[in-house]
Amino acid sequence: MRQVQAISLAAIALVLIAQFAINEIWPRLYLRMNAGEFAELAVACARARDSARGADDLMAALPPNQQHAMRLTAQVGLLDCVEYDRRRVAFIANGVDAEDLRLIELQALGDELISLQSTVEAYQP
Amino acid sequence: MTAVRTALTISLTALLLAMPTIVAAADIDQLLAKALRAHNVRHLPTKPFEATSKYLLGQALFFDPILSGNRDVACATCHLLRRGTSDALPQSIGVHGTGLGERRQLMVGQIEHPRNSLDLWNRDNNAVTSLFWDGRVEAVEYKGRRFRTPLGEHLPDGLDNALAAQALFPLVRADEMLGRDGERSAATLPDGHADVSNELASDTAALSGEQRSLAVYELILERLIGRKGDEPTLTQTRYRDLFRAASPDKAVSQITIADVANAIAHFEEIAFATRDAPWDRYVAGKSDAISDNAKRGALIFYGKGKCAACHGGPMFSDFSFHSLLVPDAGPGVDGRGEDLGRFYVTGWAEDKYKFRTPPLRNVTLTPPYFHNGSVETLAAAIRHHLDPLALADQYEETGAFAYSVDQIEAVSPILVSGTPLTDEEVDRLIEFLKTLEDSQLDAIERIIPSSVPSGLPVSALSAQAG
């Protein structure tokens with residue numbers, strides 16, 4: 001009976017340690033391992049949105065056949081945002097705090113290739 | 001023992017339930033497939049290689065310098081297989097040149113050609129609606145003819161396609177193949193060709209425009225097949241045989257310059273067809289035909305790079321006309337460095353400085369780039385597209401602005417706002433463009449003949465092999 005109690009306690013202890021590792025250590029480790037890639041994806045998505053906005057702005061200056069091609073390139077460019085979104089979901093699923101991700105995104109917005117408009121977009125009234 | 005097993009099972013289950021979820025990265029093939037479907041990208045159908053009688057006639061004409069005034073330049077002189085059917089020079093050197101490929105040099109005091117030699121890949125494709133940098137040959141009805149060309153209503157009848165119409169024009173340009181009045185062929189050429197008058201240029205010197213071109217064509221035919229009633233030379237006998245084999249129903253007297261142009265165009269269609277590009281294999285469904293980097297490059301090409309806005313379609317060109325503020329180089333059309341491009345064809349002010357979007361198949365093999373060969377590498381050519389207006393404020397040595405307001409305002413609106421790509425993304429674009437190379441290029445050296453009917457040297461051979 002005592003042996004069973006000991007094994008049960010050991011199992012519970014093991015689970016608790018593992019859960020602590022998974023909930024507290026793993027998200028930090030995961031974030032540390034993948035933050036660079038996530039920042040790159042955040043930049044890529046912001047630039048794709050810049051590019052799509054730029055395409056919209058110049059539609060009027062283009063002949064009809066080029067408008068179509070231009071619209072398509074803008075849409076294909078936005079596939080970068082699909083990948084970014086997918087990675088964001090992966091971070092959340094791995095326990096990374098949304099605020100930590102937001103910090104990476106804000107730091108990424110400093111990239112010189114991202115337009116002013118994309119940088120301040122979230123604060124516009 | 002049962003209790004231990006139970007405890008372990010509970011622990012493992014709990015652990016598995018608490019394990020983080022692994023989310024796979026997006027599948028690049030899936031994303032690219034979406035992009036390609038949206039852009040309606042299809043693989044290029046493979047054209048069979050058939051050395052028909054018409055092909056053999058076209059092959060002889062393509063490689064034979066007898067078509068040029070001074071019997072020293074063939075089509076193959078500026079369209080070298082080993083240079084991706086271009087010639088590796090910034091601006092082509094036709095007549096009055098020595099050497100081949102990047103070693104070709106213009107003799108002192110002779111007229112320079114203003115433009116870069118275009119490649120010849122897949123020019124029979126229906127997507128190809130305009131030819132030459134300024135599109136002076138177009139597949140549109142014009143003055144009662146099927147094609148719009150500088151010859152207008154005088155364009156000879158019987159041309160098979162726009163490519164055949166194109167083949168007529170280098171023959172009548174003084175700086176490409178015709179040469180000038182009063183010139184003679186080199187004394188070192190074989191008997192029958194050495195030190196003879198350039199009758200193509202001399203006998204037509206009093207004429208101008210279309211009339212001169214038509215007269216040159218008649219004299220070329222005379223060189224090739226002789227006059228009715230005259231005893232043909234060995235060269236003429238050989239060409240008569242080739243024409244008879246290519247068009248058995250046609251008498252020699254019925255052969256026209258259109259038959260010459262059609263045969264050259266047919267040869268080009270067969271010889272310069274892309275048959276095995278990794279990109280076509282990928283689009284046909286072989287996902288390992290290209291690298292992941294090339295796939296990412298393709299996504300940039302069809303996406304944020306905006307390349308496909310002009311370089312779309314099976315030939316990677318819209319065959320339309322755009323200005324990129326390309327740096328000046330060479331003599332220009334006016335001899336002072338200026339080239340107004342499409343304007344010379346239409347006369348419309350809005351067409352100044354515009355040039356036809358070059359197709360991109362085998363583009364990695366054809367440096368230097370742009371209409372005047374002013375940019376040496378593909379990476380530099382791509383970077384120029386990303387921000388052409390970066391050159392707008394440059395000064396010349398004299399202190400004047402290097403570019404006029406007209407030139408700056410002509411820049412394509414697609415490029416005006418700039419396209420910020422990183423160096424890594426440019427590298428990926430190049431990886432993608434490499435997949436447009438025909439991997440059978442080495443195998444098609446069979447197109448080069450060991451001799452031509454005139455007996456003139458197939459000088460293109462040395463560079464082709466090199």
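Residues numbered from 1 in each chain as written. Chains lettered and ligands numbered in written order. Predicted model: local features only at pLDDT ≥ 70, side-chain atom pairs only at ≥ 80, totals over all residues. Heavy atoms only, no water.

## Quick notes on the overall build of chain B
Working step 1: Regarding its fold elements, chain B presents 18 helices and 6 strands.
Working step 2: Every one of the 466 residues in chain B was classed for burial, and the buried ones make up 54%.
Working step 3: Sequence separation of 24 or more characterises 67% of the internal contacts of chain B that already satisfy a separation of 6 or more.
Working step 4: On chain B, roughly 20,500 Å² of surface is accessible, and the fraction owed to carbon and sulfur atoms is 52%.
Working step 5: Treating the 46 positive side-chain charges of chain B as one cloud and the 61 negative ones as another, the clouds have centres 5 Å apart. (Helix = DSSP H or I, 4+ residues; strand = E, 2+ residues; numbered from the N terminus. Buried < 20%, exposed > 50% of the residue type's maximum accessible area, 1.4 Å probe, protein only. Contact = heavy atoms within 4.5 Å. Areas by Shrake-Rupley, 256 points an atom, 1.4 Å probe, with all protein chains shown as cover. Lys, Arg positive; Asp, Glu negative; His and termini not counted. Charge placed at Lys NZ, Arg CZ, Asp CG, Glu CD.)

## Focus: a negative patch on the surface
Working step 1: Negative charge collects at one region of the surface, where B:Asp328, B:Glu338, B:Glu396, B:Glu397, B:Asp406 and B:Glu409 lie side by side.
Working step 2: Looking at where B:Glu409 falls in the secondary structure, it is placed in helix α15 (residues 405-409). (Patch = residues over 30% accessible without salt bridge, like charges linked within 9 Å, V, L, I, M, F, W, Y side chains within 5 Å. Salt bridge = Lys/Arg side-chain N within 4 Å of Asp/Glu carboxyl O.)

## Observations concerning the state of the cysteines
Working step 1: Considering all chains together, one arrives at 1 disulfide over all chains under this definition.
Working step 2: With a sulfur-sulfur separation of 2.1 Å, A:Cys45 is cross-linked through a disulfide to A:Cys81. Across the S-S bond linking A:Cys45 and A:Cys81, the dihedral sits near 100°, which makes this disulfide right-handed. A residue pair is termed long-range when its members are at least 10 positions apart, and A:Cys45 in helix α1 (residues 2-58) and A:Cys81 in helix α3 (residues 79-93) qualify at 36 residues. A:Cys81 matches A:Cys45 in its accessibility class, with the two residues each being buried.
Working step 3: Looking at B:Cys75, it has no disulfide partner, and the nearest cysteine sulfur is the one in B:Cys78, 9.2 Å off. (Disulfide = S-S within 2.5 Å.)

## Focus on the environment of B:Val41
Residues and elements named next belong to chain B.
Working step 1: Looking at the secondary structure, you find Val-41 in the loop between α2 (28-38) and α3 (53-63).
Working step 2: As for Val-41 and Gly-313, which are separated by 272 residues in sequence, their C-alpha atoms are 6.7 Å apart.
Working step 3: Those residues in contact with Val-41, other than ones at most four positions away along the chain, are Leu-36, Trp-279, Val-283 and Tyr-302.

## Points about the pattern of salt bridges
Working step 1: All chains considered together, the criterion is met by 34 salt bridges over all chains.
Working step 2: Between A:Glu105 and A:Arg88 there is a salt bridge, with the nearest N and O atoms lying 2.9 Å from each other. Pair noted here: A:Glu105 is in helix α4 (residues 98-108) and A:Arg88 is in helix α3, with a separation of 17 residues, a long-range link.
Working step 3: Overall, A:Glu105 belongs to the buried group, its relative accessible area being 8%.
Working step 4: Between B:Glu138 and B:Arg148 there is a salt bridge; the shortest N-O distance is 3.7 Å. A residue pair is termed long-range when its members are at least 10 positions apart, and B:Glu138 in strand β4 (residues 137-138) and B:Arg148 in the loop between β4 and α5 (162-167) qualify at 10 residues.
Working step 5: Through salt bridges with shared partners, a single network forms among A:Arg47, A:Asp80, B:Lys304 and B:Glu425.

## Topic: the environment of B:Asp276
Residue and element names in this part refer to chain B.
Working step 1: Locating Asp-276 in the fold gives a position in the loop between α10 (257-271) and α11 (278-283).
Working step 2: For Asp-276, a relative accessible area of 21% corresponds to the partly exposed category.
Working step 3: Sequence-distant contacts of Asp-276, defined by excluding residues within four places in its chain, comprise Arg-281, Glu-437, Asp-438, Ser-439 and Gln-440.
Working step 4: A polar side-chain atom of Asp-276 sits 2.9 Å from a polar atom in the side chain of Arg-281. (Polar contact = N/O pair within 3.5 Å; in protein donor to acceptor, adjacent residues only side chain to side chain.)

## Details of the packing of helix α8 (residues 209-225) of chain B against helix α9 (residues 234-246) of chain B
Residue and element names in this part refer to chain B.
Working step 1: Contact pair α8 / α9: the axes reach a minimum separation of 6 Å and the direction vectors enclose 100°. Accordingly, the angle class assigned to the pair α8 and α9 is roughly perpendicular. Contacts between α8 and α9 involve Glu-222, Arg-223, Leu-224 and Ile-225 from the first element and Thr-235, Gln-236, Tyr-239, Arg-240 and Phe-243 from the second.
Working step 2: Considering only residue class, the contact of α8 with α9 consists of 4 nonpolar, 2 polar and 3 charged. (Axes fitted to C-alpha atoms, helices over the stretch in contact; angles between N-to-C directions. Parallel < 35°, antiparallel > 145°, perpendicular 65-115°, else oblique. Nonpolar A, V, L, I, M, F, W, Y, C, P; charged D, E, K, R; others polar.)

## Describing the confidence of the model for chain B
Residue and element names in this part refer to chain B.
Working step 1: Residue-level pLDDT values for chain B average 90, and 92% of them are 70 or greater.
Working step 2: Every residue in residues 462-466 scores below 50 in pLDDT, and together they form 16 contacts with partners more than four places removed in sequence or on other chains.
Working step 3: In the predicted complex, the global pTM is 0.88; the interface-specific ipTM is 0.82. (pLDDT = per-residue confidence, 0-100.)

## A few points about the side chain of B:Glu268
Residues and elements named next belong to chain B.
Working step 1: Mapped onto the elements, Glu-268 comes out in helix α10.
Working step 2: Here Glu-268 is buried and forms no salt bridge, its nearest opposite-charge partner Arg-123 lying at an N-O distance of 8.1 Å.
Working step 3: Dropping the residues within four chain positions of it, Glu-268 is found in contact with Phe-62, Leu-120, Leu-163, Gln-166 and Ala-273.

## Details of α9(B)
All names here are of chain B.
Working step 1: If you check α9, its first and last C-alpha atoms are 18 Å apart, about what 13 residues at 1.5 Å a residue would give, namely 18 Å.
Working step 2: Taken together, the buried positions of α9 are occupied by Thr-235, Gln-236, Tyr-239, Arg-240, Leu-242 and Phe-243. End-on, the buried residues of α9 take up no more than an arc of 165°, which puts them together on one face.
Working step 3: Check the buried side of α9 and you find it contacts α3, α8 and α10. (Expected span 1.5 Å × (residues − 1). Arc of directions from axis to C-beta.)

## Points about the environment of B:Pro278
Residues and elements named next belong to chain B.
Working step 1: Among the structural elements, Pro-278 can be located in helix α11.
Working step 2: As for Pro-278 and Gly-144, which are separated by 134 residues in sequence, their C-alpha atoms are 42 Å apart.
Working step 3: Here Pro-278 is in contact with Ala-289, Ile-290, Thr-435 and Glu-437, once residues within four sequence places are set aside.

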